[in-house]
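Spelled out from the first residue to the last, the chains are:
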Amino acid sequence: MTAGAGLQPASNAAAAVAGSTRLGIAYAALVAVMAVPVAIWPIPRSWDLVNHWARLTLYHMPAGDPLRTLYQARLTLIPNLAVDLAYLALSPLLSAESVIRLAWIAAFALPAWGAWRLNRALHGAPQPIILVVPALSYNLVTTLGLVNFALGMGLAIHAVAWWLTIDRSRPWTRFVVFNLMSAALFFCHLAAYAGFCLVVGLIEASPRSGEGWRDWFGRIWPTPLCVAAGAALWLFSVPLETRFGGPGIKAASLAAPMLEGDLSTGFVETMALAIALFAAWSRRLLTFAPAMRLPLAGLLVAIAALPPARGAADYIDARLAVLFAYLAIASFGGPVGAAAKRWLALAAAIVCVARVAAAAPDWAEYAREADDFRQAIRAVAPGARALVVAPPADACVTGNEQHYFRGLANFVVIDRRALVSTLFTGKGMQPVAELDPRMADTPWVAVRPAWLAAHDGAGGPSWRGIYDTAILLHGSCQWRFDAPGLTPIAESRVATIYRVR
C-alpha cells in the first residue's frame, strides 16, 4: 500500500466536512436574508403579531394602569403559550416588543434549523437540496404571525430528527426526552403536537424488510408512551372556546407553504415548487428517504380531511401544510455533481432575494400605516373601550388588507392602555380575558354594520352601552359610518375613529 492510498480516506473525510461547512454557511446566510425585513422595519407585517404583543402587556400592569379595570391575565393549563412563557422568562431583560420580534425571527430560524437536522439524520449528511428550505420562510404561518404554531412546528421537526437518531437501545432516555418534548409541544400549539405524534407514529408503523408482525408490534407499542405527557396535558387542559368561528378556508392549505400575499400567488408559487421538486425526483436528480414515505402520505391525508377551522381555531389544515412542506424538502437527498450544486445554490439565492424584494414594498407600506394609525389613536382615552368595525362586505373590495388592519387595532391596548374588541381572549386558548361579561358576545374580528344593527338593544344590551369608541377599519374603502350618536374624532390612512354616545 502506498502512502498516498493510506491518506485517501482522511482526505475524503476532510473534504466532506469542508463541504458541509460551506453548505451550512450558505444555508444560514439564506435564512438571514429572509429575516432582513424585521431589521429594517421594527413591526413585522402580519395579522397576529400585534395581537400577541398586546396580550404580553397585560402581564406586568403597574398600579393605576387603566388596563387593570378591563382585563385580567392568569396562566392556566392551556396550549398556545410559547410566546407568553418566553416573555415571562425574558421580561427582566427585554420588552414585549423585543420578545415579539425575536419570536418572529425564531419562526424562520427554528423550523429551518430543524429541517437541516432532519435532513442530516435521514441522509447521514446535509444535502444540497436543503438550500430550498429558507424560501419557505414566508408562509401562511409567518405571514399571519401565528408564532406559537411556528415555534411548535420548529420543535416538532427537531423532535422528528431526534426520534431518528437517539439510540433505540436506551428506551428510558427516549421515554424522558420525548415526553418532555411532547409537553413543550403542547404548550406551543396543539396542532404542532398532533402533527408530531402523527409523523413519529407513522415512522414506526412503516414496515421493515424481513420484519414479522410480532417484531413490528414490539417496536411500535412504546411509541404512545413516549408522547403521553402531551396527551395528558391536553386531557386536563381548559376546554377550547368555540363560540366564534375562525376565518380559515380550505383553499389556503394549497397555498400555505409559500403564502406571503394573496392566495392565488401563494398557490402558484407552492405548485411551482412542488412541480420542480417532483420533476427533479422523477429524473433521479434527487432521492427520497424511504422512512418518510408513509409519514408524509399520512400527513397529506390529514391535511385533506381536516376542516380549515373549528370554532376560534383557524387554518388548522393550512398550518399542517406548512409543516408538510418543511418535512418533505428535508426528506430529499441530492443532487450530486459540482455543477448541479452550484446551480441549485444560485437558484435558491435568487428565489430568497426575490421573495424579500417582492415583500419589501408591503412591509414598508405597513410600517407607514402603523405609524399613522398609532398617531390617530392618540384620540382614544386611556381606559376607553373600542369596538372595531369593518365596512359592509359588499361596500368595497378590500382583498387581503383586513387581515393586517385587524392587527393594527390592537395597538389601542399597547399605546393607549384601552380595551379593543379584536384582542383575542378565547378561553382555553389564551391566558387573558375581559373583565366585563357583556363583551362575551362580541367576535374577535372586526364586526360588520349588520352585527351593529342586530346588537343595538333589541333583546339584549346595546353595543352603545358597552363601547365608548368605535374604530372603522376601512383601508382604501370609501365607506364611512352614517349613524346617529357617532362623532369622528380622528382619521388615519386606514381607519376612522369615532366617539360613541
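Residues numbered from 1 in each chain as written. Predicted model: local features only at pLDDT ≥ 70, side-chain atom pairs only at ≥ 80, totals over all residues. Heavy atoms only, no water.

Overview of the pairing of strand β11 (residues 495–500)
Inference 1: Most of β11 is tucked away: five of the six residues are buried.
Inference 2: For strand β9 (residues 469–473) and β11, the ladder comprises five bridges, and the chain directions are antiparallel. When the bridges of β11 are listed, isoleucine 471 appears paired with isoleucine 497.
Inference 3: Both strand β10 (residues 486–491) and β11 contribute to a ladder of five bridges, which runs antiparallel. When the sheet's bridge partners are listed, glutamate 491 is paired in β11 with threonine 496.
Inference 4: Joining the antiparallel neighbours β10 and β11 is a turn of three residues. (Buried < 20%, exposed > 50% of the residue type's maximum accessible area, 1.4 Å probe, protein only. Helix = DSSP H or I, 4+ residues; strand = E, 2+ residues; numbered from the N terminus. Pairing = 2+ DSSP bridges.)

Describing the pattern of salt bridges
Inference 1: Evaluated as defined, the whole model comprises 15 salt bridges.
Inference 2: One salt bridge in this structure joins glutamate 204 and arginine 219, with 3.6 Å as the shortest N-O distance. Remark: arginine 219 occurs in helix α10 (residues 213–220) and glutamate 204 occurs in helix α9 (residues 190–205); sequence separation between them is 15 residues. Comparing glutamate 204 with arginine 219 shows no difference in burial state: the two are buried.
Inference 3: Note that glutamate 269 is salt-bridged to arginine 355, the shortest N-O span being 3.3 Å. You can see glutamate 269 sitting in helix α14 (residues 263–282) and its partner arginine 355 sitting in helix α17 (residues 338–376), a full 86 residues away along the chain.
Inference 4: Overall, the relative accessible area of 29% leaves glutamate 269 in the partly exposed class.
Inference 5: Of the residues examined, arginine 355 reaches a relative accessible area of 8% and is grouped as buried.
Inference 6: Look at the salt bridges and you will find they share partners, linking Arg168, Glu204, Glu211 and Arg219 into a network. (Salt bridge = Lys/Arg side-chain N within 4 Å of Asp/Glu carboxyl O.)

What to know about the side chain of threonine 142
Inference 1: With respect to the helices and strands, threonine 142 occurs in helix α6 (residues 140–143).
Inference 2: Once residues lying within four places of it in the same chain are set aside, the contact partners of threonine 142 are Ser46, Trp104, Ala107, Phe108 and Ser137. (Contact = heavy atoms within 4.5 Å.)

Some details on the packing of α9 against α10
Inference 1: Their axes nearest at 9 Å, the elements α9 and α10 cross at an angle of 155 degrees. In terms of orientation, α9 and α10 fall into the roughly antiparallel class. Considering how the two elements wind past one another, α9 and α10 form a crossing that is right-handed. Touching Gly201, Ile203, Glu204 and Ala205 of α9 are Trp216, Arg219 and Ile220, all from α10.
Inference 2: Residue composition of the contact of α9 with α10, by class: four nonpolar, one polar and two charged. (Axes fitted to C-alpha atoms, helices over the stretch in contact; angles between N-to-C directions. Parallel < 35°, antiparallel > 145°, perpendicular 65-115°, else oblique. Left-handed = near helix turned anticlockwise from the far one by under 90°. Nonpolar A, V, L, I, M, F, W, Y, C, P; charged D, E, K, R; others polar.)

Here we look at the packing of aromatic side chains
Inference 1: Scanning all chains against the criterion turns up 18 aromatic pairs.
Inference 2: With a centroid separation of 5.0 Å and 75 degrees between ring planes, the pair formed by phenylalanine 481 and tyrosine 498 is classed as edge-to-face. Of the two residues, phenylalanine 481 is situated in the loop between β9 and β10 and tyrosine 498 in strand β11; the sequence distance between them amounts to 17 residues. Neither phenylalanine 481 nor tyrosine 498 differs from the other in exposure class; each is buried.
Inference 3: Of the aromatic side chains, those joined through ring pairs into one cluster are Trp41, Trp104, Phe108, Tyr138 and Trp363. (Phe/Tyr/Trp six-rings, centres within 6.5 Å; stacked < 30°, edge-to-face > 60°.)

Observations regarding a nonpolar patch on the surface
Inference 1: Taken together, the side chains of Trp172, Phe175, Val176, Leu180, Trp213, Trp216, Phe217, Trp221 and Leu225 make up a nonpolar region of the molecular surface, amounting to roughly 1100 Å² of accessible area.
Inference 2: Every element with two or more residues in the nonpolar patch is listed here: α8 (171–188) and α10.
Inference 3: Take the nonpolar patch: its biggest share by element is four residues, from α8.
Inference 4: Structurally, tryptophan 172 is set in helix α8.
Inference 5: Judged by its relative accessible area of 67%, tryptophan 172 is exposed. (Patch = residues over 30% accessible without salt bridge, like charges linked within 9 Å, V, L, I, M, F, W, Y side chains within 5 Å. Areas by Shrake-Rupley, 256 points an atom, 1.4 Å probe, with all protein chains shown as cover.)

What to know about the packing of helix α5 (residues 96–123) against helix α16 (residues 316–331)
Inference 1: Taken N-terminus to C-terminus, the directions of α5 and α16 make an angle of 35 degrees; their axes are 8 Å apart at the nearest point. Crossing of α5 against α16: the hand is right-handed. Of the residues in α16, those in contact with Pro111, Ala112, Ala115, Leu118, Asn119, Leu122 and His123 of α5 are Tyr326, Leu327, Ile329, Ala330 and Ser331.
Inference 2: Its residues assigned to classes, the contact of α5 with α16 comprises nine nonpolar, three polar and no charged.

Considering helix α4 (residues 82–90)
Inference 1: Along α4, the residues classified as buried are Ala82, Val83, Asp84 and Tyr87.
Inference 2: For α4, the secondary structure elements touched by its buried residues are α3 (49–56), α5, α7 (147–165) and α8.

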